[in-house]
Amino acid sequence: MTSVPLASLTTSRVGGPARRYINAETEDELIGAVRAADEAKEPLLIVGGGSNLLISDSGFGGAVVHVATHGLEMSEGADGTVTAHVQAGHPWDDVVAQTLREGCSGLEALSGIPGLAGATPVQNVGAYGADVSHSISAVRVWDRQDRNIVTFTNEDLQFGYRDSLLKRSTVNGSPRYVVLTVDFVLSRGMDSAPVRYAELARALGVEVGERAAAEDVRREVLSLRAGKGMVLNPGDPDTYSTGSFFTNPVVPEEAAAHLPPEAPRYPVAQPGMVKLSAAWLIDRSGFPKGFGLPSTGQGFDLAGGRASLSTKHTLAVTNRGNATAEDLLAIARAVADGVEDAFGIRLHPEPLLINCSL
């Protein structure tokens, strides 16, 4: 297919046309489409749920392969654990819901995150103190460079904060590895993994580090996310976004020393580094919920109904109904520039920016 509008494949509802579009419903179709594009030296974009992409208004002048594989199989381990073997194109929240129905815990704090299972190891997707690196045991990928299937272990993937080997490895300017399947090792039982996030612990009435019923954790996470516009809802423009647009910055301790004492700081594994709250920096730099730019004649203002920060959460840049990619980028640039002016810290985007930049 040609000239397929990519806005229809993304949660922000923006993006121009694909020069060529392939819907891959099986693993063989996925590998075949990628191989064909590479052999033709055609630019390639892999699209899953579209929740972590901001695609330019000019679209993509190459092959867009939509990952539409489905399937989830559970197998019992000798040590009492359960492995969920998931196809890359399986909707992520369906994975969480099904594993809970099967009496397994470990993914409940990651409920409500849009997108597909295959994207989760690339970005080391996480929320509410949990991330997928806590559960992933193996990822099968198609290696575009060596043209074979490779299986990576958790250690091989070199997970970091919103980062992995898969995210860092490229060929011809796009990801080297195409995720085929992901294996998650889960616990059998009705109790959740230890609750690591204070807001979630308060909602559950437990202390940080304690456990709760896994289904209760899922319910409260969905409620918290919905309150921030982070669960897709066709009737709520606050959910037409890429989720959190900016990552929480990890900076040298001396770079954070000038911040007010009340600025949240979180420990990280790297010596001499500290993680800050992007939302706190945005709020304190003068960008409230619902922030929109004054009208420029191109309609960047909230009143014009195009783009703004979410009215529920300052980390999300939202499409109010008829925004362009450039509208969303204009909001994001204003915020990033304002935070840097106020605190000397540059925020970086969490979604992949395709044929566009801040």
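Keep in mind that this is a model prediction, so the values were computed, not measured.

Enquirer: Looking at this structure, how should I read the overall build of the protein chain?
Expert: The number of helices and strands found in the protein chain is nine helices and 21 strands. Its C-alpha radius of gyration of 20 Å places the protein chain within 12% of the 21 Å reference for a compact globule of 358 residues. Projected onto its principal axes, the C-alpha coordinates of the protein chain cover approximately 55 × 55 × 40 Å. In the protein chain, which comprises 358 residues, the share counted as buried stands at 53%. Within the protein chain, contacts between residues at least 6 apart in sequence are counted, and of these 59% link residues at least 24 apart. Carbon and sulfur atoms make up 50% of the accessible area of the protein chain, which totals about 15300 Å².

Enquirer: Any chance you could explain the sheet that holds strand β18 (residues 273-276) here in plain terms?
Expert: The strands that make up a sheet are held in pairs by hydrogen bonds between backbone atoms, and each pair lies either parallel or antiparallel. Taken together, three strands build an open sheet; the order of strands is β16-β18-β17 and the sheet is antiparallel. Of all strands in the sheet, those bounded by a partner on one side alone are β16 (250-252) and β17 (265-267). For this sheet the average axis-to-axis angle between neighbouring strands, irrespective of direction, equals 45 degrees. In this structure, β16 lies alongside β18, joined through three bridges in antiparallel fashion. Each bridged residue has a counterpart across the sheet, and for V251 the counterpart in β18 is V274.

Enquirer: How should the sheet that holds strand β3 (residues 44-47) be read in this particular structure?
Expert: Strand order in the open sheet formed by four strands is β1-β2-β5-β3, with mixed pairing between adjacent strands. Whereas interior strands pair on both sides, the edge strands pair on one side only; in this sheet they are β1 (4-5) and β3. Pairing of strand β2 (residues 17-24) with strand β5 (residues 60-67), which is carried by six bridges, proceeds in the parallel orientation. Bridging from a neighbouring strand, A24 pairs with V67 of β5. Its contacts with the sheet put helix α1 (residues 27-39) on β2, β3 and β5, and the angle it makes with β2 is roughly 145 degrees.

Enquirer: I keep staring at the nonpolar core and nothing clicks. Help me out?
Expert: What tends to happen in soluble globular proteins is that the nonpolar side chains get buried as a cluster. Counting 57 residues, the largest nonpolar core has W92 and F184 as the members making the most contacts within it. Not counting the four nearest positions on each side in its chain, W92 is found in contact with L107, L110, I113, G115, L116, A117, T120, V132 and F184. Counting residues in each nonpolar core, the second largest holds 36 residues, with A323, L329, I345 and C356 among its members.

Enquirer: Honestly, helix α2 (residues 92-101) in this entry has me stumped. Any pointers?
Expert: Residues lying three or four places apart along an α-helix face the same way, a consequence of the helix completing one turn every 3.6 residues. Among the residues making up α2, those that are buried are W92, V95, V96, A97, T99 and L100. Contact partners of the buried residues in α2: β6 (72-76), β7 (81-87), β8 (104-105), α3 (120-123), β15 (177-188) and α6 (214-227). Count one or two residues on from α2 and you reach G103, which has phi positive near 80 degrees.

Enquirer: I would appreciate a short explanation of the side chain of T318 in the present structure.
Expert: Locating T318 in the fold gives a position in strand β20 (residues 317-319). Reaching out from T318, the side chain makes a polar contact with the side chain of R320 at a distance of 2.8 Å. Sequence-distant contacts of T318, defined by excluding residues within four places in its chain, comprise P237, D238, Y240, S241, R306, A307, S308, L309, S310 and L328.

The rules behind these values
Residues numbered from 1 in each chain as written. Predicted model: local features only at pLDDT ≥ 70, side-chain atom pairs only at ≥ 80, totals over all residues. Heavy atoms only, no water. Helix = DSSP H or I, 4+ residues; strand = E, 2+ residues; numbered from the N terminus. Rg over C-alpha atoms; globule rule 2.2 N^0.38 Å. Buried < 20%, exposed > 50% of the residue type's maximum accessible area, 1.4 Å probe, protein only. Contact = heavy atoms within 4.5 Å. Areas by Shrake-Rupley, 256 points an atom, 1.4 Å probe, with all protein chains shown as cover. Pairing = 2+ DSSP bridges. Axes fitted to C-alpha atoms, helices over the stretch in contact; angles between N-to-C directions. Core = buried A, V, L, I, M, F, W, Y, C linked by side-chain atoms within 4.5 Å. Polar contact = N/O pair within 3.5 Å; in protein donor to acceptor, adjacent residues only side chain to side chain.

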